[in-house]
Amino acid sequence: LVGRAAPELFRQWEALLSRYDLTPPAGTHLIFSAPGRYSGPEAERYGLRALQRHLKVLSDRPVAQRPTAVEYACSSLGQLDDILQPLLGVRPNYKQAPRMAVRGAFLEGLHKPPHVKGAAARLVWPSLTASLPAFARGKGMLTIGGGKNTMTGPSEFKSQQLKACMAHNIAADPRRSATLHHVKMAAGIVRPLQRGGPQREVAPLCAWVYAGSHNLSGAAWGKMEAATGSDDESGDEDEEFVVMSYEVGVLLLPPEPRPFALPWVTAAAPYDPTEVKPFSTSRYLAILRGRDSRAWDSRDNRMTVDEVTGEVRRQWERLRDGAGGAGLGRGEAAGSTGAVVALPEA
């Protein structure tokens, strides 16, 4: 397309890129999702089915080279019933949760030592305590009205579903502690970062790393549904693999484990999201507006509610009074999409 539309520009880029070897390293795979209903071998080309297909090679490797845990960070959560088990191998934690005869794609090739308790795959998500000061001080505070950097966060019901598999997202680099991440990344960890040891490791040892655009949802990774138009007299429904959005990511699966620098601290410490509240925009707004003190978990508290609310208010006032908030009336602040968010009166 570029060659036809701009032949001279195409030749310049062709000459420039020809100086470099752009051959992907061994074990590099594209993980692609495209909307559609798939069955048979075609379904293996997309989403979690493609990821699982590539990870199968791990089963043939020595135990010492296989992941013992998987950590997955994202910035948005869809409906969890149809993705927690197929992707993380975790059954949603509520009485009516469906049982699926599937192995989580992230668990393919995993070797979980007998002494390790809890879920082998965990969702790495920041707690409200850890992220609220950063959200108040960083550019994330500009996306309350919506926008690409907003983390909506799990509701109370989703927190109940995620009870068995949540882990803290603490920035690995202290310089990033005042930012709110937007990463979609997973890692099959052979050995977490050994801090203070004689070898002075700088990154956890990983069997594989995925980075891309897939958030935690069946729409992105794909999910199983009854086939359209199927009418089986035996009562058994045919199923299709259904993808509802375009996504793309890269899976790095080197021939043997190697250190990968992850943006969060590993091993990520687990927490119960029904007790230690996870970050969400709605919980942030509840505290900002002083409407719901229950949004804040007092047992995981680094700053009191009054201190955080005061800090948030001061930041909004700076924006309103000229530090990026010119033209806003008192008690208002513009979101990244132009939405106006009312602030509580002082």
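Notes on the structure follow. Every value quoted in this text rests on a predicted model; they were computed, and no experiment measured them.

This brings us to the pattern of salt bridges. One pass over the full model with this rule turns up nine salt bridges. Arginine 37 is the salt-bridge partner of glutamate 225, the closest N and O atoms lying 3.4 Å from each other. Here glutamate 225 is found in strand β8 (residues 223-226), whereas its partner arginine 37 is found in strand β2 (residues 36-38), with 188 residues between them in sequence. Assessed through its relative accessible area of 34%, arginine 37 is described here as partly exposed. Between glutamate 240 and arginine 37 there is a salt bridge, with the nearest N and O atoms lying 2.7 Å from each other. Placement of the pair is glutamate 240 in strand β9 (residues 239-243) and arginine 37 in strand β2, with a sequence separation of 203 residues. Given the relative accessible area of 15%, glutamate 240 is considered buried. One salt-bridge network, in which partners are shared between bridges, spans Arg37, Asp82, Lys223, Glu225 and Glu240.

Strand order in this open sheet of three strands is β2-β9-β8, and the pairing throughout is antiparallel. The open sheet has two free edges, formed respectively by β2 and β8, since each of these has just one partner strand. In this sheet, adjacent strand axes meet at a mean angle of 40° when their direction is disregarded. When β2 meets β9, the two strands line up antiparallel, connected through three bridges. Among the inter-strand pairings, glycine 36 is bridged to a residue of β9, identified as valine 243.

Counting 51 residues, the largest nonpolar core has Tyr72, Leu87, Leu88, Phe106, Trp208, Leu216 and Trp221 as the members making the most contacts within it. Counting only elements with at least two residues in this core, the list comes to α3 (47-55), β3 (69-73), α4 (84-88), β4 (121-124), β6 (185-191), β7 (205-212), β9 and α8 (281-288). The contact partners of leucine 216, leaving out residues within four places of it in the chain, are Tyr72, Cys74, Ser76, Leu77, Gly78, Leu80, Ile83, Leu84, Leu87, Leu88 and Leu123. Of all hydrophobic cores here, the second largest spans 12 residues; its members include Ala73, Ala187, Phe260 and Leu262.

Let us look at unusual backbone geometry. Cis geometry marks the peptide bond from threonine 266 to alanine 267, where omega comes out at 0°. With respect to the helices and strands, alanine 267 occurs in the loop between β11 (258-259) and α8.

Time to look at a nonpolar patch on the surface. Taken together, the side chains of Leu30, Phe32, Tyr246, Val248, Val250 and Leu252 present a nonpolar region at the surface, about 550 Å² in accessible area. Secondary-structure elements contributing two or more residues to the nonpolar patch are β1 (28-33) and β10 (247-252). Counting residues per element, the nonpolar patch draws most heavily on β10, at three residues. For leucine 30, a relative accessible area of 55% translates into the label exposed.

This part takes up α3. α3 sits mainly inside the fold: seven of its nine residues count as buried. Buried within α3 are the following residues: Gly47, Leu48, Ala50, Leu51, Gln52, His54 and Leu55. On its buried face, α3 is in contact with β1, α4, β7, α7 (218-221), β9 and β10.

Here we take up the packing of aromatic side chains. Tallied over the full model, the rule gives seven aromatic pairs. When the ring of phenylalanine 32 is compared with that of tyrosine 46, the centres are 6.4 Å apart and the planes differ by 45°; the resulting orientation is tilted. With phenylalanine 32 in strand β1 and tyrosine 46 in the loop between β2 and α3, this residue pair connects regions lying 14 residues apart in the sequence. Relative accessible area serves as the criterion here: at 9%, tyrosine 46 is assigned to the buried category. Over the ring of phenylalanine 241 we find arginine 49; its NZ or CZ atom is 5.2 Å from the centre of that ring.

So, how was this worked out
- Residues numbered from 1 in each chain as written.
- Predicted model: local features only at pLDDT ≥ 70, side-chain atom pairs only at ≥ 80, totals over all residues.
- Heavy atoms only, no water.
- Salt bridge = Lys/Arg side-chain N within 4 Å of Asp/Glu carboxyl O.
- Helix = DSSP H or I, 4+ residues; strand = E, 2+ residues; numbered from the N terminus.
- Buried < 20%, exposed > 50% of the residue type's maximum accessible area, 1.4 Å probe, protein only.
- Pairing = 2+ DSSP bridges.
- Axes fitted to C-alpha atoms, helices over the stretch in contact; angles between N-to-C directions.
- Core = buried A, V, L, I, M, F, W, Y, C linked by side-chain atoms within 4.5 Å.
- Contact = heavy atoms within 4.5 Å.
- Patch = residues over 30% accessible without salt bridge, like charges linked within 9 Å, V, L, I, M, F, W, Y side chains within 5 Å.
- Areas by Shrake-Rupley, 256 points an atom, 1.4 Å probe, with all protein chains shown as cover.
- Phe/Tyr/Trp six-rings, centres within 6.5 Å; stacked < 30°, edge-to-face > 60°.
- Lys NZ or Arg CZ within 6 Å of the ring centre and 35° of its normal.

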